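# Observations on the model geometry
The chain contents come next:
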Amino acid sequence: MIKATLSNVKVINAASGIGVSAGAAVHLSNSVVSSNSVAGIAISGGGINIDATTISFNTIGVKQVGGSVNLSNNDLSFNSTGVSGTVNSHSNNRFTNNGAGGTITPIGSTTNPTGLQ
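Description of the structure in this document. (Residues numbered from 1 in each chain as written. Predicted model: local features only at pLDDT ≥ 70, side-chain atom pairs only at ≥ 80, totals over all residues. Heavy atoms only, no water.)

Looking only at helices and strands, one finds zero helices and 13 strands in the protein. Along the chain direction, N to C, the helices and strands of the protein fall in the order β-β-β-β-β-β-β-β-β-β-β-β-β. For 117 residues, the compact-globule estimate of 2.2 N^0.38 gives 13 Å, and the C-alpha radius of gyration of the protein, at 13 Å, lies within 12% of that figure. Its C-alpha atoms give the protein principal-axis dimensions of about 40 × 35 × 25 Å. For the protein, buried positions account for 38% of its 117 residues. Look at the contacts in the protein between residues 6 or more apart in sequence, and 14% of them connect residues 24 or more apart. (Helix = DSSP H or I, 4+ residues; strand = E, 2+ residues; numbered from the N terminus. Rg over C-alpha atoms; globule rule 2.2 N^0.38 Å. Buried < 20%, exposed > 50% of the residue type's maximum accessible area, 1.4 Å probe, protein only. Contact = heavy atoms within 4.5 Å.)

Here the focus is the nonpolar core. Ranked by size, the top nonpolar core spans 18 residues in total, and within it Ile-18, Ile-41, Ile-48, Ile-50 and Val-69 carry the most contacts. Counting only elements with at least two residues in this core, the list comes to β3 (16–20), β4 (24–29), β6 (39–51) and β8 (60–72). Among residues more than four places away in sequence, those in contact with Ile-50 are Leu-28, Ile-41, Ile-55, Val-69, Asn-70, Leu-71, Ser-72 and Asn-74. (Core = buried A, V, L, I, M, F, W, Y, C linked by side-chain atoms within 4.5 Å.)

Turning our attention to the side chain of Asn-92. Looking at the secondary structure, you find Asn-92 in the loop between β11 (86–89) and β12 (94–96). Within the local environment of Asn-92, its side chain forms a polar contact with the backbone nitrogen of Asn-73, the two atoms lying 2.9 Å apart. (Polar contact = N/O pair within 3.5 Å; in protein donor to acceptor, adjacent residues only side chain to side chain.)

For any pair of aromatic rings, the description rests on two quantities: the centre-to-centre distance and the angle between the ring planes. In total, this model carries one aromatic pair according to the counting rule given. A centroid spacing of 5.3 Å and a plane angle of 5° characterise the contact between Phe-57 and Phe-78, whose relative ring orientation is stacked. In this pair, Phe-57 sits in the loop between β7 (54–56) and β8 while Phe-78 sits in the loop between β9 (75–77) and β10 (81–84), placing the two residues 21 residues apart along the sequence. (Phe/Tyr/Trp six-rings, centres within 6.5 Å; stacked < 30°, edge-to-face > 60°.)

This brings us to the pattern of salt bridges. Scanning the entire structure with this criterion turns up one salt bridge. Across the pair Asp-75 and Arg-94 runs a salt bridge whose closest N-O atoms are separated by 2.6 Å. In this pair, Asp-75 is assigned in strand β9 and Arg-94 in strand β12, connecting sequence segments 19 residues apart. (Salt bridge = Lys/Arg side-chain N within 4 Å of Asp/Glu carboxyl O.)

This is the structure in structure tokens:
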């Protein structure tokens, strides 16, 4: 398994900002993923946890065709499509001014809906 922790990363004006495929486990935090022509985050397998990150002005904010995506405390805004596929979202994410698409599945318990420790 490939494991990566990415923090304070800026990916701007690429095709896909961050790509995750089978056999990978990624934690992305405190980062900016913006203005990417295909997707800000593209996941085709494996898993990614995204925390405290701005995902904006991409063609697709988060493109999930396989694997799992968990979101906590992020800003997803001004993407042509906010989410493509299915993502898991704690209650503290902000989805604003995105085009329609995808499924956002709430996660977290009633006693801890934001997933914060």
